[in-house]
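For reference, the chains in residue letters:
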Amino acid sequence: MKKFKKLLALGTAAIIMAASLAACGKTENSTVVFGTNAEFPPFEFVTSEGTIGQYDGIDIAIAKKIGEDIGKDAEINNMEFDSLLIALQNGQVDAVIAGMTVTDERKESVDFSIPYYTATQVMIVKEDSTIAKAADMADKKIVVIQGYTGETVVNDLGYKYESFKKGTEAVLELVNGKCDVVVIDSATAAKYVKDNEGLKIVEDPESFAAEEYAIAVKKGNTELLDKINTSIQKMIDDGTISELSAKYLDADTE
């Protein structure tokens, strides 16, 4: 009898352990984790009641919709922009959605989805600024956001600049008169100008080429990439992404 009870106990324990492992596996497999840098309104920002937890924005809403389309819960891992692709390669996140521009350099380490947004770099200046084109920045104090395309563009132009980790910090430098111009993506620039009086946007299509945002996945992860592409294409075709862009460009992200 004691031997039978012992075997029964061991069997029960094995069943419980197996069920537990199965449950853990199910939880893990039912979640897709997106890495982002929630300092880039209207694409991603922190708020009291977000679309996913405390995070909201165009990208966050897209991430949630992708999760729904592939039958998984979307989660957000917020980190510094420069850490995102490293986190992707290390398996800390399944995908990166962060207003990330597709570049040949990034393609060497990750695979990108089809583009879901087209943007360009612009200059934010004070309303009385004499800056009318990129060349006018040559003798000005320029601020960019670390790791963003604006930093690459200004560096390629050969101009000195100061970089900040947050767009809000960069724009605050301009508002407080501590710099002359902030170079940043067009949609985000529109948001900052809308939320801060006395600023304007200066465009220079000849100096700033159009760029495309896409979602990054670990190189070779074609299964997830195909699912993401299908979801993005669906959102492009049915107008969801256009609707989200209009919604968040008009929204108050403060």
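None of the values given here were measured: they were computed from a predicted structure.

Draft legend 1. Representation of the sheet that holds strand 3 (residues 44-46) in the model. In spatial order, the strands read 2-3-4; together these 3 strands make up an open sheet with antiparallel pairing. Each of the sheet's edge strands pairs with one partner strand only, and the pair in question is strand 2 (39-40) and strand 4 (55-56). Direction of pairing for strand 3 relative to strand 4: antiparallel, over a ladder of 2 bridges. When the sheet's bridge partners are listed, Val-46 is paired in strand 4 with Tyr-55.

Draft legend 2. View of unusual backbone geometry. A cis amide bond links Pro-41 with the next residue in sequence, Pro-42, at an omega value of 5 degrees. Assignment of secondary structure puts Pro-42 in the loop between strand 2 and strand 3.

Draft legend 3. Quick peek at the packing of aromatic side chains. As enumerated under the stated definition, the model contains 8 aromatic pairs in all. Between Phe-43 and Tyr-117, the ring centres sit 4.9 Å apart and the planes meet at 85 degrees, which makes this aromatic pair edge-to-face. In this pair, Phe-43 is assigned in the loop between strand 2 and strand 3 and Tyr-117 in strand 8 (residues 117-119), connecting sequence segments 74 residues apart. With respect to class, Phe-43 is no different from Tyr-117; both count as buried. Aromatic side chains Phe-81 and Tyr-148 sit 4.9 Å apart centroid to centroid with 65 degrees between the ring planes, which places their arrangement in the edge-to-face category. Of this pair, Phe-81 sits in the loop between strand 5 (73-78) and helix 3 (84-89) while Tyr-148 is found in the loop between strand 10 (142-145) and helix 5 (149-157), placing the two residues 67 residues apart along the sequence.

Draft legend 4. The arrangement of the packing of helix 7 (residues 186-195) against helix 9 (residues 240-250) in detail. Where helix 7 meets helix 9, the axes come as close as 9 Å, and the angle between the chain directions of the two elements is 30 degrees. Classified by the interaxial angle, the pair formed by helix 7 and helix 9 is roughly parallel. Between helix 7 and helix 9, the contacting residues are Ala-187, Lys-191 and Lys-194 on the first element and Tyr-248, Leu-249 and Asp-250 on the second. In the contact of helix 7 with helix 9, the residues fall into 3 nonpolar, no polar and 3 charged.

What counts and how
Residues numbered from 1 in each chain as written. Predicted model: local features only at pLDDT ≥ 70, side-chain atom pairs only at ≥ 80, totals over all residues. Heavy atoms only, no water. Pairing = 2+ DSSP bridges. Helix = DSSP H or I, 4+ residues; strand = E, 2+ residues; numbered from the N terminus. Phe/Tyr/Trp six-rings, centres within 6.5 Å; stacked < 30°, edge-to-face > 60°. Buried < 20%, exposed > 50% of the residue type's maximum accessible area, 1.4 Å probe, protein only. Axes fitted to C-alpha atoms, helices over the stretch in contact; angles between N-to-C directions. Parallel < 35°, antiparallel > 145°, perpendicular 65-115°, else oblique. Contact = heavy atoms within 4.5 Å. Nonpolar A, V, L, I, M, F, W, Y, C, P; charged D, E, K, R; others polar.

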